[in-house]
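What follows is the residue order along each chain.
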Amino acid sequence: MSTGEAFATGAVLYAYIPASEREETPRVTIDIRIGDLQTSAFVDTGGIYLICPPEVAAALNFDPVEALQSEQVLLRGEIVQGALYRVPLTLLASEGNTITIEATAFVPNPATTRSNFPCILGMYLCLERLRFAIDPLKEVFYFGEAA
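In this report, we go over the structure that sits alongside the text. (Residues numbered from 1 in each chain as written. Predicted model: local features only at pLDDT ≥ 70, side-chain atom pairs only at ≥ 80, totals over all residues. Heavy atoms only, no water.)

1. Regarding the overall build of the chain
Consideration 1: Summing up its helical and strand segments, the chain has 1 helix and 12 strands in all.
Consideration 2: Ordered by position in the sequence, the α and β elements of the chain form the string β-β-β-β-β-α-β-β-β-β-β-β-β.
Consideration 3: Radius of gyration (C-alpha) of the chain: 15 Å, near the 15 Å computed for a compact globule of 147 residues.
Consideration 4: In terms of overall dimensions, the chain has a C-alpha envelope of 50 × 35 × 30 Å along the principal axes.
Consideration 5: Counting every position in the chain, which comprises 147 residues, the buried fraction comes to 41%.
Consideration 6: Accessible area of the chain: about 8,300 Å², with a carbon and sulfur share of 50%.
Consideration 7: For the chain, the distance from the average site of its 9 positive side-chain charges to the average site of its 18 negative ones is 3 Å. (Helix = DSSP H or I, 4+ residues; strand = E, 2+ residues; numbered from the N terminus. Rg over C-alpha atoms; globule rule 2.2 N^0.38 Å. Buried < 20%, exposed > 50% of the residue type's maximum accessible area, 1.4 Å probe, protein only. Areas by Shrake-Rupley, 256 points an atom, 1.4 Å probe, with all protein chains shown as cover. Lys, Arg positive; Asp, Glu negative; His and termini not counted. Charge placed at Lys NZ, Arg CZ, Asp CG, Glu CD.)

Right under this line is the structure:
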């Protein structure tokens, strides 16, 4: 049922590219900002958390003492040990309004994983905190605040 309010208040063109050099399957990838660091991340509606690679966490000076808790997740076919953090996640609008939400970020422990991970926008405790839609014809990712 429509309330008359805008579904999306911001939009950004996305890239439809593989998430890493080792992959061939394209993913919806957008530019984001975690804290003060701008990077890109791919959208994974079946995933959990904002996956934040260890090198990104190091650039943001994440302190292990400030972690919410240790966590173990199944990530891209591998059980990965890591830690959870609360972070400001900004979706950068090229049209309309940029939006910042509080997201839960999972940082894999580099000592216990053999894989390099890109930034991933998972649904649980990340994307579920906003409205979003994708227009595949125009390659636009629309977003707005959740009601």
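Having seen the structure, we can now continue with the description.
2. A few points about the side chain of threonine 104
Consideration 1: Summarising the element assignment, threonine 104 is placed in strand E9 (residues 99-108).
Consideration 2: Polar side-chain contacts of threonine 104 include one of 3.3 Å to the side chain of arginine 86.
Consideration 3: Leaving out residues up to four positions away in the same chain, threonine 104 has contacts with Tyr49, Leu50, Leu84, Tyr85, Arg86, Leu125 and Arg129. (Polar contact = N/O pair within 3.5 Å; in protein donor to acceptor, adjacent residues only side chain to side chain. Contact = heavy atoms within 4.5 Å.)

3. Description of the nonpolar core
Consideration 1: With 30 residues, the main nonpolar core has Ile34, Leu50, Leu89, Leu121 and Phe141 as its most contacted residues.
Consideration 2: Of all elements in the fold, only strand E3 (26-34), strand E4 (37-48), helix H1 (54-59), strand E7 (78-91), E9, strand E10 (119-124) and strand E12 (140-145) reach the threshold of two or more residues within this core.
Consideration 3: Excluding residues within four positions of it along the chain, phenylalanine 141 makes contact with Gly10, Ala11, Val12, Tyr14, Val28, Ile30, Val43, Leu91, Phe132, Ala133 and Ile134.
Consideration 4: Core analysis: the second largest hydrophobic core is formed by 12 residues, Val73, Leu84, Phe106 and Phe117 among them. (Core = buried A, V, L, I, M, F, W, Y, C linked by side-chain atoms within 4.5 Å.)

4. A few points about the packing of aromatic side chains
Consideration 1: A full pass over the atoms with the stated rule returns 5 aromatic pairs.
Consideration 2: When the centroid spacing of 5.8 Å and the interplanar angle of 55° are considered together, the rings of tyrosine 49 and tyrosine 124 count as tilted. In this pair, tyrosine 49 is assigned in the loop between E4 and strand E5 (50-51) and tyrosine 124 in strand E10, connecting sequence segments 75 residues apart.
Consideration 3: Aromatic pair phenylalanine 132 and phenylalanine 141: ring centres 5.8 Å apart, planes at 15°, arrangement stacked.
Consideration 4: Ring pairs connect the aromatic residues Tyr49, Phe106 and Tyr124, which therefore count as one cluster. (Phe/Tyr/Trp six-rings, centres within 6.5 Å; stacked < 30°, edge-to-face > 60°.)

5. A word on the environment of glycine 77
Consideration 1: With respect to the helices and strands, glycine 77 occurs in the loop between strand E6 (69-75) and E7.
Consideration 2: When the C-alpha atoms of glycine 77 and isoleucine 51 are compared, they prove to be 14 Å apart, with 26 residues separating the residues in sequence.

6. Focus: the sheet that holds strand E11 (residues 130-135)
To summarise the sheet geometry, strands pair through backbone hydrogen bonds and adopt either a parallel or an antiparallel arrangement.
Consideration 1: Spatially, the 4 strands line up as an open sheet ordered E8-E1-E12-E11, and their pairing is antiparallel. The outermost strands of the open sheet, each flanked by one partner alone, are strand E8 (95-96) and E11.
Consideration 2: As defined by bridge partners, strand E1 (residues 10-13) adjoins E8 across 2 bridges and the pair is classed as antiparallel. When the bridges of E8 are listed, glycine 10 appears paired with glycine 96. (Pairing = 2+ DSSP bridges.)

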